Amino acid sequence: MSCLPIFVIDIILVVAFLFVLLPFLAYISHKNNYYLILWLSLAVLVIGAILHGIVIYHIPDDLLNGTNELSWFSIAVLSIISSAQMFVGGLRVFDNGFLEFLFSSSGHVYLVGLCITYSLAVSISIFVVFNFLFRRVFGRWILRFSRVKDGEVAHIFFGNNPQTMTLAKDIVSQIRKGKREKILLVEFPKKEDSDFDISFSAAVYDLIRNSDETGFFLRLKAKKSLAEIDIVSELDNPIFASQRIETLFGLNGIDKWIFRENTNLYFLSNDENENIRSLEVFKSLIEKKKAATKIGRIYCHSNKKNYEDRFRSLRVKWIDSSSLMIQQLIREDFSAMPINYVNIGQKSLVTHEESAYKEKPNVGYVTSEFNAAILGFGELGQNAFNFLFEYGAFVNQDKHRSGYHFYAFDRAMATIEDVFWEKHPALDRDDKKKWPVWLENGDFTDVSFWKSDRTIITDKQANTSLSFSTLWPSLNYIFISPGATDTWEILKHLDKMLEITGKNEMLCVMVKHTAPSIESAYRRLKTIGSNIHFFGGMSDIWRYDVISEDSFNTDACKYFTAYSMAADNLGPKEAANRWQTRLDKLSGIQCDDRNALVRKLSQDYANCLHIPTKLKLIGKYDLLENASTLMSSIPDQCPSELPGLDPFAEEHCNVQDARLKELLLYLALEEHIRWEASHIVMGYKYNSVRNEDLKYHENLRNYEELTIGTRHYDWLVVKITLQLYLENKEKFNKLLKIHGQ
């Protein structure tokens with residue numbers, strides 16, 4: 001074999017190994033596992049020395065150093081030096097003696113070995129130089145001498161983890177659309193989130209992008225993390241003496257980025273305690289600064305219920321990932337809404353309009369029950385219950401809440417249920433006729449759970465026992481929140497169940513997942529049963545618009561402004577100012593009526609999110625033909641109360657068409673039923689005297705028992721719903737058309 005083909009093959013091997021090794025090294029970089037780099041370097045050095053030693057031993061002495069014979073010690077030293085030279089690009093393949101032996105028939109195997117170890121050594125050197133030069137020297141130089149421009153938004157992430165990288169990528173995509181923003185990633189010297197998976201292609205992309213000269217994404221290595229400081233025992237720590245975070249991090253110039261109103265700070269570790277410890281240090285540092293310190297918004301991955309009061313002085317946006325998943329479903333996936341899986345009442349009209357639109361107009365109520373099963377009742381499962389209990393609350397023809405049943409299963413339900421019932425005092429755990437909510441122990445990953453002869457629910461009041469396969473046909477909604485290792489087992493059981501039952505257009509199955517590897521199983525399930533949805537993917541949840549809720553707040557502000565203008569006769573600017581005043585008051589340290597404001601704010605958000613559900617109850621026929629008439633028929637002023645008048649006959653609207661008047665009445669009833677359900681899941685219960693601290697509310701009763709002014713509130717909500725529909729007709733029509741309207 002000639003030397004040229006062998007040389008070409010070896011060059012191809014080197015290039016190929018470089019393309020394989022660079023992503024691997026980038027993968028290590030994401031995990032901050034630099035000990036692996038050290039051991040890999042030592043392994044390459046040893047293997048390279050062994051290969052060089054073998055080659056040197058076989059080379060004739062006269063080709064190396066004349067006629068003197070090399071000792072074993074000389075061979076060892078020369079081998080180690082030759083191996084070390086590979087890390088700086090040195091390769092002795094073409095040296096005197098090496099060339100003749102390596103390109104011979106007996107030496108080619110050693111040539112391949114040297115090429116492989118050489119590619120490993122060069123790759124490690126490139127990686128180390130890259131990390132040191134760009135992530136330490138060059139990055140710190142930019143940080144120290146760069147100027148913070150007025151109006152420029154900065155995002156500083158503390159720690160490297162899946163949430164951080166996903167969110168940072170989303171912000172980078174927004175920057176490239178023209179926004180003036182910069183991103184700083186401060187990594188800590190410890191192994192973080194070892195379960196962070198990244199593909200080779202993504203690793204290469206990140207490796208290249210992180211050296212971006214535009215300054216959009218700057219990765220910096222800190223000496224120490226905030227969470228490592230014990231603020232009780234280390235009050236004399238240099239960080240507090242200097243009042244500078246850069247003293248702790250060893251990153252000169254970072255304080256000018258942190259302490260400004262246009263900087264967002266992110267503590268997104270999966271370790272909630274680590275995030276809280278970091279906030280504690282940050283808060284202590286702020287308090288020790290003598291002058292007023294400006295800070296921007298802080299995003300913290302934690303449950304706000306446990307820490308909100310402690311960090312009231314900081315502008316903290318608490319990110320509860322379980323709550324975030326449910327919010328993302330409600331805001332962005334109308335196909336997940338319960339209204340799509342119940343039967344809406346319709347009325348037959350023999351008119352020209354009916355034949356033109358080829359469908360009957362809706363009457364505003366539902367004619368079927370809403371029954372849901374929740375498999376997995378941890379934090380996510382309980383948030384799912386709150387969502388389904390509120391958005392699955394519908395009015396029936398008798399003007400009360402339609403029938404419903406909720407079944408929740410968890411293998412650890414014995415440790416969950418008592419806390420759940422305490423959080424929902426309005427629900428009676430023993431009265432299943434009035435409150436048909438079952439919390440049962442059950443391991444839904446076990447195949448026996450799905451068998452027809454396995455009793456999973458015993459209704460003592462009705463004297464009946466049910467298996468899950470018996471329960472399945474009555475369900476409209478199944479919400480599955482498996483553990484990280486249980487998803488595959490659940491999908492297998494679903495597959496078998498759907499094969500038996502077949503497609504059901506009135507059943508929605510929601511499965512929580514984060515791994516893209518189960519998408520093939522998803523496609524399989526879609527062919528068997530309709531309305532199978534996966535949710536909770538990292539890229540779906542950790543987006544800036546989702547966690548910041550900026551667009552959501554804008555929509556809620558529009559709703560509140562329109563409602564305040566109608567209810568309180570305010571101008572647009574005055575109504576919008578009232579919204580901002582409420583937000584400012586809630587963000588302050590002192591707020592005497594905080595609980596009331598939080599409750600009212602939650603209803604403004606809920607009314608905004610409930611618009612598509614009410615529109616679907618109205619139906620295409622009346623949205624296209626009568627939306628303007630319906631909206632304008634509801635006056636802003638509450639009608640006068642007439643003694644003895646049936647509450648359902650009150651003149652809350654002046655529309656002449658009896659069918660349209662009945663439709664509006666059912667929509668107002670729907671709003672009250674939704675409002676009542678939302679307060680129940682917030683922990684409120686009925687009392688004739690309202691008390692926000694004890695969560696008592698006098699309006700947790702039937703519509704006909706309310707005052708006429710309170711009833712008119714529900715009618716005004718319907719009016720604003722129609723008004724916002726008319727202002728955003730294209731948006732809502734597209735949404736409803738996609739899902740069957």
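Residues numbered from 1 in each chain as written. Predicted model: local features only at pLDDT ≥ 70, side-chain atom pairs only at ≥ 80, totals over all residues. Heavy atoms only, no water.

1. A look at the overall build of the chain
And step 1. The helix and strand tally for the chain stands at 30 helices and 18 strands.
And step 2. Burial status across the chain gives 52% buried among its 741 residues.
And step 3. Pairs at least 24 residues apart make up 73% of the contacts formed inside the chain by residues separated by at least 6 positions.
And step 4. Approximately 34,300 Å² of the chain is accessible, and the part contributed by carbon and sulfur atoms is 54%. (Helix = DSSP H or I, 4+ residues; strand = E, 2+ residues; numbered from the N terminus. Buried < 20%, exposed > 50% of the residue type's maximum accessible area, 1.4 Å probe, protein only. Contact = heavy atoms within 4.5 Å. Areas by Shrake-Rupley, 256 points an atom, 1.4 Å probe, with all protein chains shown as cover.)

2. Side note on the nonpolar core
And step 1. If you look at the biggest cluster of nonpolar residues, it comprises 118 residues, and the most contacted ones within it are Phe-385, Phe-389, Tyr-477, Phe-479 and Leu-664.
And step 2. At 13 residues, the largest contribution of residues to this core is made by helix H28 (residues 658–681).
And step 3. In this structure Phe-385 touches Ile-374, Phe-377, Phe-406, Phe-420, His-424, Leu-427, Val-437 and Val-681, once residues within four positions along its chain are discounted.
And step 4. With 36 residues, the next largest nonpolar core counts Ala-154, Ile-258, Phe-282 and Trp-318 among its residues. (Core = buried A, V, L, I, M, F, W, Y, C linked by side-chain atoms within 4.5 Å.)

3. A word on helix H26 (residues 611–618)
And step 1. Within H26, 8 of the 8 residues are buried, which leaves it mostly tucked inside the rest of the structure.
And step 2. Listed as buried for H26 are Ile-611, Pro-612, Thr-613, Lys-614, Leu-615, Lys-616, Leu-617 and Ile-618.
And step 3. Gly-619 sits one or two residues past H26 and shows a positive phi near 95 degrees.

4. Some remarks on the sheet that holds strand S9 (residues 370–375)
And step 1. Ordered in space as S11-S10-S9-S14-S15-S16, the 6 strands form an open sheet in which the pairing is parallel. The sheet terminates laterally at strand S11 (437–441) and strand S16 (532–535), the two strands that pair on one side only. Between one strand and the next, the sheet's axes are offset by a mean angle of 15 degrees, whatever the strand orientation.
And step 2. Its contacts with the sheet place helix H16 (residues 379–391) against S9, strand S10 (404–410), S11, strand S14 (477–480), strand S15 (508–512) and S16, and it is angled at close to 170 degrees to S9. (Pairing = 2+ DSSP bridges. Axes fitted to C-alpha atoms, helices over the stretch in contact; angles between N-to-C directions.)

5. Points about the environment of Ser-74
And step 1. When you line up the elements, Ser-74 lands in helix H4 (residues 72–85).
And step 2. Of the residues examined, Ser-74 reaches a relative accessible area of 29% and is grouped as partly exposed.
And step 3. When the C-alpha positions of Ser-74 and Gly-53 are compared, they lie 9.8 Å apart, and in sequence the two are 21 residues distant.

6. Here's the deal with the packing of aromatic side chains
The geometry of an aromatic ring pair is captured by two quantities: the separation of the ring centres and the angle between the planes.
And step 1. Taken as a whole and judged by the stated rule, the model has 36 aromatic pairs.
And step 2. Judged by centre distance (5.7 Å) and plane angle (40 degrees), the rings of Phe-389 and Phe-406 are tilted. You can see Phe-389 sitting in helix H16 and its partner Phe-406 sitting in strand S10, a full 17 residues away along the chain. Accessibility classification places Phe-389 together with Phe-406 in one group, the buried group. (Phe/Tyr/Trp six-rings, centres within 6.5 Å; stacked < 30°, edge-to-face > 60°.)

7. What about the packing of helix H27 (residues 620–632) against helix H29 (residues 708–727)?
And step 1. The contact between H27 and H29 brings their axes to 9 Å, and the two run at 125 degrees. Regarding the angle of H27 to H29, the classification is oblique. Along this stretch, H27 crosses H29, giving a crossing that reads as left-handed. The residues of H29 that touch H27, namely those facing Leu-623, Ala-627, Ser-628, Leu-630 and Met-631, are Lys-719, Leu-722, Gln-723, Tyr-725 and Leu-726.
And step 2. Class assignment of the residues belonging to the contact of H27 with H29 gives a composition of 7 nonpolar, 2 polar and 1 charged. (Parallel < 35°, antiparallel > 145°, perpendicular 65-115°, else oblique. Left-handed = near helix turned anticlockwise from the far one by under 90°. Nonpolar A, V, L, I, M, F, W, Y, C, P; charged D, E, K, R; others polar.)

8. Quick notes on the confidence of the model for the chain
And step 1. Looking at the chain as a whole, the pLDDT averages 79, with 78% of positions reaching at least 70.
And step 2. Of all the helices and strands in the chain, helix H8 (residues 200–209) carries the lowest mean pLDDT, 42, while strand S18 (residues 696–697) carries the highest, 96.
And step 3. Under a pLDDT of 50 for its full length, residues 191–216 has, in the predicted model, 54 contacts with residues more than four places off or in other chains.
And step 4. Note that pLDDT drops below 50 for residues 350–357; the model gives that stretch 11 contacts with residues more than four away or on any other chain. (pLDDT = per-residue confidence, 0-100.)

9. Things to note about the pattern of salt bridges
And step 1. Tallying each qualifying case throughout the model produces 19 salt bridges.
And step 2. When salt bridges with common partners are traced through the structure, they connect Glu-390, Lys-614, Glu-671 and Arg-674 into a single cluster. (Salt bridge = Lys/Arg side-chain N within 4 Å of Asp/Glu carboxyl O.)

10. Quick look at the packing of H16 against H28
Packed helix pairs are characterised by how far apart their axes lie and by the angle those axes make with each other.
And step 1. With their axes 8 Å apart at the nearest point, H16 and H28 run at an angle of 160 degrees to one another. If you check the angle between H16 and H28, you find them roughly antiparallel. Two packed elements cross with a definite hand, and for H16 against H28 that hand is right-handed. Facing H16, whose interface residues are Phe-385, Asn-386, Phe-389 and Glu-390, H28 presents Arg-674, Ala-677, Ser-678, Ile-680 and Val-681.
And step 2. Split by residue class, the contact of H16 with H28 holds 5 nonpolar, 2 polar and 2 charged.

11. Overview of the pairing of strand S5 (residues 298–301)
And step 1. Side chains Ile-298 and Cys-300 project from S5 onto one buried face, and the interleaved Tyr-299 and His-301 project onto a second face that is buried too.
And step 2. Two strands pair when backbone bridges link them, and S5 and strand S6 (residues 316–319) are joined in this way by 4 bridges, in the parallel orientation. The residue of S6 that forms the bridge with Cys-300 is Trp-318.

12. With respect to the side chain of Asp-604
And step 1. Structurally, the position occupied by Asp-604 is in helix H25 (residues 594–609).
And step 2. With sequence-adjacent residues up to four places away left out, Asp-604 is seen in contact with Tyr-559, Phe-560, Trp-579 and Arg-582.

13. As for a nonpolar patch on the surface
And step 1. Taken together, the side chains of Leu-38, Trp-39 and Leu-42 make up a nonpolar region of the molecular surface, amounting to roughly 350 Å² of accessible area.
And step 2. Along the chain, the position of Trp-39 falls in helix H2 (residues 34–58).
And step 3. Judged by its relative accessible area of 60%, Trp-39 falls in the exposed class. (Patch = residues over 30% accessible without salt bridge, like charges linked within 9 Å, V, L, I, M, F, W, Y side chains within 5 Å.)

14. What about the environment of Phe-334?
And step 1. In this fold, Phe-334 is placed in the loop between helix H14 (321–332) and strand S7 (344–346).
And step 2. Of the residues examined, Phe-334 reaches a relative accessible area of 4% and is grouped as buried.
And step 3. Taking the C-alpha atoms as reference, Phe-334 lies 7.5 Å from Leu-735; in sequence the two are 401 residues apart.

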